[in-house]
Amino acid sequence: MRQQLPLTIIFVIGVFMALQYFVPHQSSEFIYEYALDWVIIIGVFAMALGLWSLFLVHFAKIQKKSAGWGYSTIAILGLVYMLIAGALWGIEEGSPFMKIFWYIYTPIQATMFALLAFYIASAAYRAFRVRNILSTILLSAALLLMLRLIPIGPLSGPIQDIDRWILGVPNLAAKRAIIIGVGLGIVATAIKVVLGIERSYLGKD
Amino acid sequence: MAFYEKLMGLDRRWVYLSVGIAVLIPFFIPFDVPVYTTPEVKAVYDFVESLKEGEVLFLAIDYDPNAMAELHPTARVIMRQAFSQNVKLVISALSQNGPGMAEQLISEISKEFGKKSGIDYCYLGYKPYPGITILAMGQDFRIPFPSDYYGVPLDSMPMMRRIKNYDDVKAVIDVTGTNAIDFWLVNANARYKVKLAAAVTGVMAADYYPYLQSGQLFGLLSGLKGASEYEVLANQKGFAFSGMRIQTIAHIVVILFIVIGNIGFFISRTQRKK
């Protein structure tokens, strides 16, 4: 029963949702909307569960004074502060909630992302070497795409055209193959789940 | 150590220092770099330009502070263009830190143009699970967003009385540094035939050219370059346009390092063969 019930639910809902897509009837749309509401409700519960789990993990770290417990304290203080600040003073521009967002969170994230420029420069210097035909093609494509951003007088026009060709033909062909492959994989996995062939989501007995 | 070996094995700190200087110098010494516009950017500009007073555009602001430098100028210039033409905006922010980005732009630009919430624009705010939210908005914006970001019910807004779902907006422009664009493509464009354009970070752009070619996206803005092109087209040269000089010099430095490394590699290979 522990296995049969979830398998039956998945089968019925899976088949219904697949068929529903092709039935433009009012009742079908109503049930679809109802299902969407349920997904949102379940999602909200999952978020609450996630918050509680985050709190417990960090609280346990602080209690045991395990490595990095100071960071856990900051994580919990940040969580509590943002909850209280948002609830008491709102989340409009200029509120304490937004001040923390703009003056602490945003610079931290921007800094982390900006550091990538340095790592990319170093990695490009070390990795882009003309070792064989394939690496030469890769290097040429990379250089042309970088040159797209640099104004080099009369050469800029032709380089833009070449870049558009690289992005629109070889890149597009490769990406499309990947996208179609991923799409087929998703469909195959979905069919396996609906038919009960793939059961790993049920966990171990 | 031979000269060519030095060329190949420069300490990474020299690379970091060079990039740092390359970024700082153009920051303090202003100069303009020419910006060439591409058809995929012009398509978005022309579309927004063609919108008539009172028509509705959906602007999805789905990026976090890490992509702010690249995408904030895009969102700003599109919002300014729309407001200057009295086009109404429905705005959402479906990435976790997107609401702050959107709120900052809305408060700044609505003041500049004297636009009012509920009359000229409606800021829906954030809901988790973008895929589900985008699907639900296809039925009715009120399903995921019964009230706006500020808690005002959508039904009480004069602007929203005649707007139910995607059928009532001319297009969606997703400014994103996340995979939200995938949800917009699958759940809004494919399912509800929404006219869709995207502004993505530079590294993401190559992934979305297939959708441009298939017509699922009618336009594509790529990173700071796309934003600068748009600023030039809209005659609103700002952060992206001035940022291009920094990006240009940084790219030149990266290319120089690649060339230096390859000169060293080439000479060392020739030496080995001898």
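Residues numbered from 1 in each chain as written. Chains lettered and ligands numbered in written order. Predicted model: local features only at pLDDT ≥ 70, side-chain atom pairs only at ≥ 80, totals over all residues. Heavy atoms only, no water.

The partner chain B presents 64 residues to the 53 residues of chain A that form the contact. A per-residue breakdown of the area chain A buries against chain B is headed by Phe-118, Tyr-125 and Leu-149 of chain A, which together make up 13% of the total. Seen at the junction of chain A and chain B, the total is 1 salt bridge. Between Lys-175 of chain A and Asp-207 of chain B there is a salt bridge, with its nearest N and O atoms 2.4 Å apart. Here chain A is connected to chain B by 16 residue pairs in polar contact (both at pLDDT 80 or more). Elements that contribute at least two residues to the side of chain A that touches chain B include exactly helix H2 (26–64), helix H4 (96–127), helix H5 (133–147), helix H6 (156–168) and helix H7 (170–194) of chain A. Counting residues per element, the side of chain A that touches chain B draws most heavily on H4 of chain A, at 15 residues. Classifying every residue of the side of chain A that touches chain B gives 32 nonpolar, 9 polar and 12 charged. (Contact = heavy atoms within 4.5 Å. Buried area = accessible area lost by both parts, 1.4 Å probe. Salt bridge = Lys/Arg side-chain N within 4 Å of Asp/Glu carboxyl O. Polar contact = N/O pair within 3.5 Å; in protein donor to acceptor, adjacent residues only side chain to side chain. Helix = DSSP H or I, 4+ residues; strand = E, 2+ residues; numbered from the N terminus. Nonpolar A, V, L, I, M, F, W, Y, C, P; charged D, E, K, R; others polar.)

Within the element layout of this structure, Asn-97 of chain B appears in the loop between strand S2 (88–92) and helix H5 (98–113). Judged by its relative accessible area of 15%, Asn-97 of chain B falls in the buried class. Among the polar contacts listed, one links the side chain of Asn-97 of chain B to the side chain of Tyr-105 of chain A, at a separation of 2.9 Å. Ignoring sequence-local partners within four residues, the contact set of Asn-97 of chain B consists of Phe-101, Tyr-105 and Gln-109 of chain A together with Tyr-63, Asp-64 and Pro-65 of chain B. (Buried < 20%, exposed > 50% of the residue type's maximum accessible area, 1.4 Å probe, protein only.)

A few words now on a nonpolar patch on the surface. Residues and elements named next belong to chain A. A cluster of nonpolar side chains, contributed by Met-1, Leu-5, Ile-9, Phe-11, Val-12, Ile-13, Val-15, Leu-19, Val-187, Ile-191, Leu-195 and Ile-197, occupies part of the molecular surface with about 1200 Å² of accessible area. Among the elements that make up the nonpolar patch, the one with the highest residue count is helix H1 (residues 4–20) (7 residues). Tracing the backbone through its elements, the reader meets Ile-191 in helix H7. Looking at Ile-191, the relative accessible area reads 46%, which means it is partly exposed. (Patch = residues over 30% accessible without salt bridge, like charges linked within 9 Å, V, L, I, M, F, W, Y side chains within 5 Å. Areas by Shrake-Rupley, 256 points an atom, 1.4 Å probe, with all protein chains shown as cover.)

This brings us to the packing of H1 of chain A against H2 of chain A. All names here are of chain A. Two elements in contact, H1 and H2, have axes separated by 10 Å at closest approach and are oriented at 125°. One element, H1, and the other, H2, form an angle in the oblique class. In the packing of H1 onto H2, the handedness of the crossing is left-handed. Residues Phe-16, Met-17 and Gln-20 of H1 pack against Ser-28, Glu-29, Ile-31, Tyr-32 and Ala-35 of H2. For the contact of H1 with H2, the per-class residue count stands at 5 nonpolar, 2 polar and 1 charged. (Axes fitted to C-alpha atoms, helices over the stretch in contact; angles between N-to-C directions. Parallel < 35°, antiparallel > 145°, perpendicular 65-115°, else oblique. Left-handed = near helix turned anticlockwise from the far one by under 90°.)

Residue and element names in this part refer to chain A. Along its sequence, chain A is organised into domain 1 (1–89) and domain 2 (92–127). Opposite the 5 residues of domain 1 that make contact, domain 2 presents 5 residues. Where domain 1 packs against domain 2, one counts 0 residue pairs in polar contact (both at pLDDT 80 or more). Class assignment for the residues of the side of domain 1 that touches domain 2 results in 4 nonpolar, 1 polar and no charged. (Domains from an automatic or database assignment.)

Turning to the pattern of salt bridges, a few remarks are in order. Residue and element names in this part refer to chain B. Counting across every chain of the model gives 10 salt bridges over all chains. Asp-155 is the partner of Arg-142 in a salt bridge, and the nearest nitrogen-oxygen pair spans 2.6 Å. With Arg-142 in the loop between helix H6 (130–139) and strand S4 (171–176) and Asp-155 in the loop between H6 and S4, this pair connects stretches of sequence that are 13 residues apart. In this structure Arg-142 comes out as buried when scored by relative accessible area, which is 17%. With a relative accessible area of 52%, Asp-155 lands in the exposed category. Here the salt bridges do not stand alone but share partners, grouping Asp-140, Arg-142 and Asp-155 into one network.

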